[in-house]
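Per-entry structural report
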Amino acid sequence: MSSALTDLLPHPIVQAPMAGGVSVPQLAAAVSEAGGLGFLAAGYKTADGMYQEIKQLRGLTARPFGVNLFLPQPETADPAAVDVYAHQLAGEATWYETELGDPDSGRDDGYDAKLAVLLDNPVPVVSFHFGVPAREVVDSLHRVGTFALVTATTAEEARAVERSGADAVIAQGVEAGGHQGTHRDVPEADGSGVGLLSLVAQVRESVGIPVIAAGGIMRGSQIAAVLAAGAVAAQLGTAFLATHESGAHALHKQALTNPLYVRTELTRAFSGRPARGLVNRFLREHGPYAPAAYPDVHHLTAPLRKAAAKAGDAQGMALWAGQGHRMARELPAGQLVEVLAAELAAARTALSAGGAL
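This is a predicted model, so every value here is computed, not measured.

Procedures and definitions
Residues numbered from 1 in each chain as written. Predicted model: local features only at pLDDT ≥ 70, side-chain atom pairs only at ≥ 80, totals over all residues. Heavy atoms only, no water. Pairing = 2+ DSSP bridges. Helix = DSSP H or I, 4+ residues; strand = E, 2+ residues; numbered from the N terminus. Buried < 20%, exposed > 50% of the residue type's maximum accessible area, 1.4 Å probe, protein only. Right-handed = clockwise from strand over helix to strand, strands pointing away. Salt bridge = Lys/Arg side-chain N within 4 Å of Asp/Glu carboxyl O.

Moving on, we come to the sheet that holds strand β10 (residues 264-267). Sheet architecture is open: three strands sit in the order β7-β11-β10, paired in antiparallel fashion. With one partner strand each, in any of the chains shown, β7 (178-179) and β10 form the two edges of the open sheet. Bridge count between β7 and strand β11 (residues 275-278): two bridges; the pairing is antiparallel. In the sheet register, histidine 179 faces β11, and the bridge partner there is alanine 275.

Right, here's the structure in full:
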């Protein structure tokens, strides 16, 4: 199965699906055309919106690609805590001259409808975030010829992924930008994530399915390192966020290398679930008080984030980024794949000659 999966991509480079408008068809197509595996992010879209993007992507490339789905989330949020947070954000709504969003706007992200589309119109790869799909779901994808990948942040989660029948596990280290793909949202575990190299080693010893490494990877030498640790490929998000084809807001792209943003932090401020972003005003002021309430907080803050972007105020935006963000390169996505592949080849040559990465 490892070779069948990796046969989909000439280079062991996967473009991470980044929800919120970043992973547009043009980006996924450019990555796939260059020999990587491009991904669309179905999160926060309607089933029809996802389908239209798949159609557009298929018009841009005949190469394999993937689509990412968010698992429905259980109702664990405390409504009173969400109300308190909404009261705290009232000043933001006034400042940006907008209304707060409705925290009860839906919990399942149209999961069943999206699955139905993907079974009627199969794509090469489907990945899952925020949990493990049911065995029946994985089996149904296999019946239509689709590979299933699932994110895990611990060895225990990776074992659950293997039990689901998935073809590979995406081992996501704590360095990763955006949302941590933990299977359960446990506030007591905040800040206890495992670094990528340690996680890959732990997962490789825990499961027999292929491992794709994700988290803070920005250079070909880092891809060589995770391959040496036992991964079959590397998934990169922040590295592709800065590319020409990325749908990220211009302010978001600029912030990656702006010396004003010196570090990243895991925060619940924007969505109610731990996600790594550049530390800006909104994160500093509201992160310490944000409740464990996803997607309630995501819905609540959505108009604020949109208004901040419209106003050109990066201090109110969710600037998702991994720990390697300062190494971002503003290149066409296809060229970035080629550069990463060349760096990977050079690193492998150095290793075989007994040199250092």
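Once that is clear, we can look at the pairing of strand β9 (residues 233-236). Residue alternation in β9 divides its side chains into two sets, Ala233 and Gln235 and Ala234 and Leu236, and both sets are buried. With three bridges connecting them, strand β1 (residues 13-15) and β9 associate as parallel partners. The residue bridging glutamine 15 from the neighbouring strand is leucine 236, located in β9. Judged from the three bridges that link them, strand β8 (residues 211-214) and β9 form a sheet pairing that is parallel. Bridge pairing in β9 places isoleucine 212 opposite alanine 233. Traced from β8 through helix α10 (residues 220-228) to β9, the parallel crossover comes out right-handed.

Once that is clear, we can look at the pattern of salt bridges. Scanning the entire structure with this criterion turns up 10 salt bridges. Its salt-bridge partner being glutamate 53, residue lysine 45 comes within 3.8 Å of it at the nearest N-O pair. Owing to a relative accessible area of 16%, glutamate 53 belongs among the buried residues under this scheme. The closest approach of N and O atoms between arginine 268 and aspartate 190, which form a salt bridge, is 2.9 Å. Highlighted residues: arginine 268 in the loop between β10 and β11 and aspartate 190 in the loop between β7 and α9 (196-204), separated in sequence by 78 residues. What makes arginine 268 buried here is its relative accessible area of 6%. Given the relative accessible area of 39%, aspartate 190 is considered partly exposed. In the salt-bridge network here, residues are joined through shared partners; they are Glu92, Arg281 and Glu285.

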